[in-house]
Amino acid sequence: MGSVPEFTEDGLLPAGDYKVSLEELWESVLVLGPADKSDYPHWDGLWRRHLVDNLEILVRQLWQVGVTEIFIDGSFAEDKDHPNDIDGYFVCELMRLASGELQRELNLLDPNKIWTWDPGTRRPYRGYPKRQLP
């Protein structure tokens with residue numbers, strides 16, 4: 001696979017996509033933090049690990065229904081000590097998404113039936129400025 005490089009001076013990853021396994025993600029700068037820890041005394045690696053643990057559940061469900069192109073981004077991919085969440089997206093067939101087939105397949109796998117793209121299901125969540133999907 002590959003590896004995730006160190007952050008730039010602007011606190012971002014260098015432009016590009018990085019193909020990594022979940023195991024590589026757990027061992028990357030995105031979870032463990034930058035090499036120079038003195039600049040990041042409040043880096044919350046435990047929280048970032050928790051976010052990736054939750055991401056793993058979703059990724060494995062996507063894999064089970066044949067979705068393999070999965071991308072993560074947002075403040076998790078920046079040098080922010082404690083990002084709120086992991087933003088992400090995936091590539092799938094438009095009609096599979098539009099018909100609701102993908103949502104049904106994913107919710108059959110998920111005991112909490114969290115898969116939805118309906119903006120009406122977004123709810124306030126304590127400590128988060130924007131409404132969150134379930």
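What counts and how
Residues numbered from 1 in each chain as written. Predicted model: local features only at pLDDT ≥ 70, side-chain atom pairs only at ≥ 80, totals over all residues. Heavy atoms only, no water. Core = buried A, V, L, I, M, F, W, Y, C linked by side-chain atoms within 4.5 Å. Buried < 20%, exposed > 50% of the residue type's maximum accessible area, 1.4 Å probe, protein only. Helix = DSSP H or I, 4+ residues; strand = E, 2+ residues; numbered from the N terminus. Contact = heavy atoms within 4.5 Å. Salt bridge = Lys/Arg side-chain N within 4 Å of Asp/Glu carboxyl O. Phe/Tyr/Trp six-rings, centres within 6.5 Å; stacked < 30°, edge-to-face > 60°. Lys NZ or Arg CZ within 6 Å of the ring centre and 35° of its normal.

Student: Before we move on, can you summarise the nonpolar core with the specific residues and values?
Tutor: Grouped together as the largest cluster of nonpolar side chains are 18 residues, with contacts concentrated most on L13, L30, V52 and F76. Take this core: its biggest share by element is four residues, from helix α3 (residues 45-64). Look past the residues within four positions of L30 in its chain and what remains in contact with it is V4, F7, L13, L25, W43, R48, F76 and A77. The next biggest cluster of nonpolar side chains, apart from the first, holds seven residues, and it includes V65, V67, F90 and L102.

Student: Help me get a handle on the pattern of salt bridges, residues and values and all.
Tutor: The final tally for this structure, using the stated rule, is four salt bridges. The salt bridge involving R60 is made with E56; its shortest N-O contact spans 2.8 Å. Residue R60 and its partner E56 are located together in helix α3, separated by four residues, close to a single helical turn. For R96, the salt bridge identified is with E105, shortest N-O distance 2.4 Å. On the accessibility criterion, E105 (24% relative accessible area) is partly exposed.

Student: Lay out the environment of L108 in plain terms, naming residues and giving numbers.
Tutor: Locating L108 in the fold gives a position in helix α5 (residues 101-109). The class of L108 is exposed, set by a relative accessible area of 73%. A C-alpha to C-alpha distance of 36 Å links L108 and A15, two positions 93 residues apart in sequence.

Student: Can you break down the packing of aromatic side chains residue by residue, with the values?
Tutor: One pass over the structure, following the stated rule, counts five aromatic pairs. Centre to centre, the rings of Y40 and W43 are 5.8 Å apart; their planes meet at 85°, and the pair counts as edge-to-face. For the residue pair Y40 and W43, the accessibility class agrees, reading buried in each case. With a centroid separation of 4.8 Å and an interplanar angle of 10°, the aromatic rings of F71 and Y89 are classed as stacked. Of this pair, F71 sits in strand β1 (residues 70-73) while Y89 sits in strand β2 (residues 87-90); the two residues are 18 residues apart in sequence, bridging distant segments of the chain. Residue F71 is classed as partly exposed on the basis of its relative accessible area, which comes to 23%. Through pairs of rings, three or more aromatic residues link up here, namely F7, Y40 and W43. Against the face of F76 rests R48, its NZ or CZ located 5.0 Å from the ring centre.

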